[in-house]
Amino acid sequence: MNGKNVIEKDVQDLLISSTTILLEALKQLEETRERILICVDQDQRLLGVISDGDVRRALIQGAELNDPIDRWMQKDPVFVNDQCKVEEVMRFVSDRIRVVPIVNEQHRVVKYHSFKEKKGLTDSQLETVAVVGMGYVGLTLAVSLVDVGFKVIGFDVNKTLLESLNRSEAPFYEKGLQKYLDLFAGRNLTFTNVLPEHQADVYMIAVGTPVDKTTKKPNLDHLLAAAASVGQSLKTGDLVVLRSTVPVGCTRKNVIPILEAKSGLSAGKDFYVAFAPERTIEGKALQELRVNPQIIGGYESKAAELAARLFNYITKSVINVGSLEAAEICKLIDNSYRDHKFAFVNQLAGLCEQMDLDLNQLIEALNHGYSRNFIPRPSPGVGGPCLSKDPYILMNVFEEYGIDPVVIKSARAVNESGPEGVYKTLNRLLKKIDKKIETARLFLIGFAFKGFPETSDTRDSTSVAFLNMLPNKSNVKGFDPVLSSGEIKNLGIQPVSSFAEGFKQADAVVILNNHPSYQDINIFQLCPTMRTPAAFIDTWHIFDPLDIKRIKGIVYGGIGNV
C-alpha cells in the first residue's frame, strides 16, 4: 500500500466491473473465498461492493440474471486509503462488514482486508503457555494463567530457584502467591531449566533487562539468551509475547531476528510476535493482573489479535496500541511519568524545609476536595526495579534521536538524591545532641523498596542505598515486617524481632518505608526507651511531627517539614 497504481495480486479475484451481469457475478462469487465482490469502473476506481446475499435479494425482487449489478450493489461501502495500517483497517472489519477495500489517492482499489483474516485467529489453539523467567513478573503471570485454565511451563536457568518452586515454596513475598503455588505446582504448573521443544503454543518472555550502574545502558543479555531458547522451541503457528521492559525498537530489531534465525521460521508468516508490557505493582500483582487494562502491540494484526485473545482470559480490558514500538514505549512512559511526579514533590520538600513550611500539610490542603489534584507525599527517594531503571531506558531512546531528555534526567537525579538527604538529616540531628554518626546506635525500619503494597523486594531500594552510606554498620539494627531476619542479616546489620527491641537504647530511629504496620508503633511508650537525647526520623510522615516533638529527649526529623 504505497499510493502507486499497483493492484496487489490477491485483490484481483474480488474485483468486478459494475456493468457485469448478475449471472457472471454469481459465478465469480462462487469462486471467491470471501463471498463478496468489489465493484469498480473501467479504471478500477471503487464504486461499491456486492455480496451473494445482495444477488439473492435482487433475484427475489424480480431481477433478471442478465441485469447489470450496478443497480443492486452497495454504493456506499466502508473503505480506507492506503495510508492506514493493517491494525487500523481491522477496526472496521466485522461479521457485518466482511471486506474493507483499500484505495490509493486516485481511489483505485489496490488491496483489501477481510473478516476471514480476523475469524481465522480462532483457528489458532492457545492451550499451553511457556513463561520464560520466574521472577516477580514471570511467576505472577504464570500462576494467573494457570488459574484461568492454561497449562503453564515455567522456565528459568536458576536451578536453586527452580528447586524452591518445585517444592511449592514462593521465592519472594507477593500476596496470594503461595496459595497458587500450593494449588497448581506440579500439576498444571511445572518448572524446568530446559525449554521443551514444540510443546508450548505461547511463549511469554519476562526476564530482567537491568541498567548498567556505570553506563546507564540496558543490559539485554538475558533477553537475547531467552529469545534464543524460545527460537529453538518454536513451531509454526506459535505466539511469542515479550513482557520484559526494552528500548523502543528492540523487539523488532533484536529479538525477532534471533527467533527467526534459531527457528528457521518467519515472523508474521509462520509465527507471531507481540509486546505486552507488565503494568502491575509488587504487592498487588495478582490482583492487578485481573483488573488493570493490558496494553498490547503486534508485529502485525494477527499477532495483536492473538495476544488480545490470550489476555482476555485474565482481564476484561485489552488495549491494542498498534505496533510493537508503540507498546514498548507505553511502559517507559508509564514509569518515567510516575518518577517525574514523585521528583516534583521531592524537590519541593527541600524548598519547604528551607522556608520553614510543612509540605505534608500543604499537600493535604491542596488535594482536599479538589479532584484535579492528586499530589503525592514526599519520600526518601524513589527506588525499586522499575522506576529506577525505566527512565534511563527512555533517556537512551531520546538520545538516539538527538534529543536531550532534560526533564527525565533531572527527575531521576532528584529521586536518587533522596537517601543522601536522609543521611544529612541524620548526621545533623546527631550532631545537635552531641553524638557521632560513626558511633551512634541506629535502628532502621523498612528495607523493602516500598512498604505498601507490601513486598520483600529490596532491589534498588532507597533504604539499602541509605544503609550503605553509613560509616559503621556494626552499630546498626534493622527490622522489616516482610523481610526475614536472614535477609536483614545479609544486608550486613543485626536483625531484631520487634520494634521494642530495636528502640531500646538506640541513639536514632529512622523509618525508611511506608508499611502500614508502623502506625501501630506506640511512640509514647517506645521513644522513652531510647538512649536519650535521641533522634527520631520519620521519612514517610507516619506520625504527626508534633507528637514526636512532645516526647522528652527526642529531636525530630522528616522530609518536607522541620
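Residues numbered from 1 in each chain as written. Predicted model: local features only at pLDDT ≥ 70, side-chain atom pairs only at ≥ 80, totals over all residues. Heavy atoms only, no water.

With that settled, consider helix α13 (residues 324-354). Taking 1.5 Å per residue, 31 residues should reach 45 Å; α13 reaches 47 Å between its end C-alpha atoms and fits that length. Just downstream of α13, Asp 356 is the residue with a positive phi angle, here 60°. (Helix = DSSP H or I, 4+ residues; strand = E, 2+ residues; numbered from the N terminus. Expected span 1.5 Å × (residues − 1).)

Moving on: the environment of Val 40. Locating Val 40 in the fold gives a position in strand β2 (residues 36-40). Taking the C-alpha atoms as reference points, Val 40 and Phe 503, separated by 463 residues in sequence, lie 85 Å from one another. Each residue touching Val 40, except ones within four places of it in the same chain, is listed here: Leu 15, Ile 16, Ser 17, Ser 18, Arg 45, Leu 46, Leu 47 and Val 109. (Contact = heavy atoms within 4.5 Å.)

Relative to the elements of secondary structure, Pro 247 occurs in the loop between β11 (239-242) and α10 (250-263). On the accessibility criterion, Pro 247 (14% relative accessible area) is buried. Put simply, Pro 247 and Val 482 are 235 residues apart on the chain and 33 Å apart in space, counted from C-alpha to C-alpha. Not counting the four nearest positions on each side in its chain, Pro 247 is found in contact with Pro 218, Leu 220, Glu 328, Ile 393 and Val 397. (Buried < 20%, exposed > 50% of the residue type's maximum accessible area, 1.4 Å probe, protein only.)

Right, let's get into the confidence of the model for the protein chain. On average, residues of the protein chain score 93 in pLDDT, and 96% of them are at 70 or above. Every residue in residues 1-7 is under pLDDT 50, and counting partners more than four places away or in other chains gives 21 contacts. (pLDDT = per-residue confidence, 0-100.)

Per the counting criterion, the structure on display carries eight aromatic pairs. With 3.9 Å between their ring centres and 25° between their planes, Tyr 136 and Phe 172 make a pair best called stacked. Pair noted here: Tyr 136 is in helix α6 (residues 136-147) and Phe 172 is in the loop between α7 (159-166) and α8 (177-184), with a separation of 36 residues, a long-range link. A single burial state applies to Tyr 136 and to Phe 172, both of which are buried. Relative to Phe 499, the ring of Phe 479 has its centre 4.8 Å away and its plane inclined at 65°; by these criteria the two rings are edge-to-face. (Phe/Tyr/Trp six-rings, centres within 6.5 Å; stacked < 30°, edge-to-face > 60°.)

Let us now look at the pairing of strand β12 (residues 272-275). Neither face of β12 is exposed, since Tyr 272 and Ala 274 on one face and Val 273 and Phe 275 on the opposite face are all buried. One ladder, built from four bridges, connects β11 with β12; its direction is parallel. Its bridge partner being in β12, Leu 239 is matched across the sheet by Tyr 272. Running through α10, the crossover from β11 to the neighbouring parallel element β12 is right-handed. Pairing geometry for β12 and strand β13 (residues 294-298), over two bridges, is antiparallel. When the bridges of β13 are listed, Phe 275 appears paired with Gly 297. (Pairing = 2+ DSSP bridges. Right-handed = clockwise from strand over helix to strand, strands pointing away.)

What follows is about the side chain of Asn 335. Topologically, Asn 335 is positioned in helix α13. Taking relative accessible area as the criterion, Asn 335 reaches 6% and is therefore assigned buried. Within the local environment of Asn 335, its side chain forms a polar contact with the side chain of Asp 390, the two groups lying 2.6 Å apart. With residues near it in sequence (within four places) discarded, Asn 335 still touches Cys 386, Leu 387 and Asp 390. (Polar contact = N/O pair within 3.5 Å; in protein donor to acceptor, adjacent residues only side chain to side chain.)

On to the environment of Lys 473, then. Take Lys 473: it is sitting in the loop between α18 (462-467) and β16 (476-479). For the pair Lys 473 and Ile 493, spaced 20 residues apart in sequence, the C-alpha to C-alpha distance is 5.9 Å. In contact with Lys 473, other than residues within four places in its own chain, are Leu 467, Asn 468, Leu 491, Gly 492 and Ile 493.

This next bit is on the sheet that holds β11. Strand order in the open sheet made by the eight strands is β9-β8-β7-β10-β11-β12-β13-β14, with mixed pairing throughout. The sheet is open, and its two edges are formed by β9 (189-192) and β14 (318-323), each paired on a single side. Within this sheet the neighbouring strands show an average axis-to-axis angle of 25°, counted without direction. (Axes fitted to C-alpha atoms, helices over the stretch in contact; angles between N-to-C directions.)

On to unusual backbone geometry. The amide bond that connects Phe 452 to the next residue, Pro 453, takes the cis arrangement and shows omega of -10°. Tracing the backbone through its elements, the reader meets Pro 453 in the loop between β15 (442-445) and α18. The residue after Thr 532, namely Pro 533, is reached through a cis peptide bond having omega 0°. For Pro 533, the position within the fold is in the loop between α21 (523-526) and β19 (534-538). Even without glycine at this site, Ser 168 takes up a positive phi of about 65°. Summarising the element assignment, Ser 168 is placed in the loop between α7 and α8.

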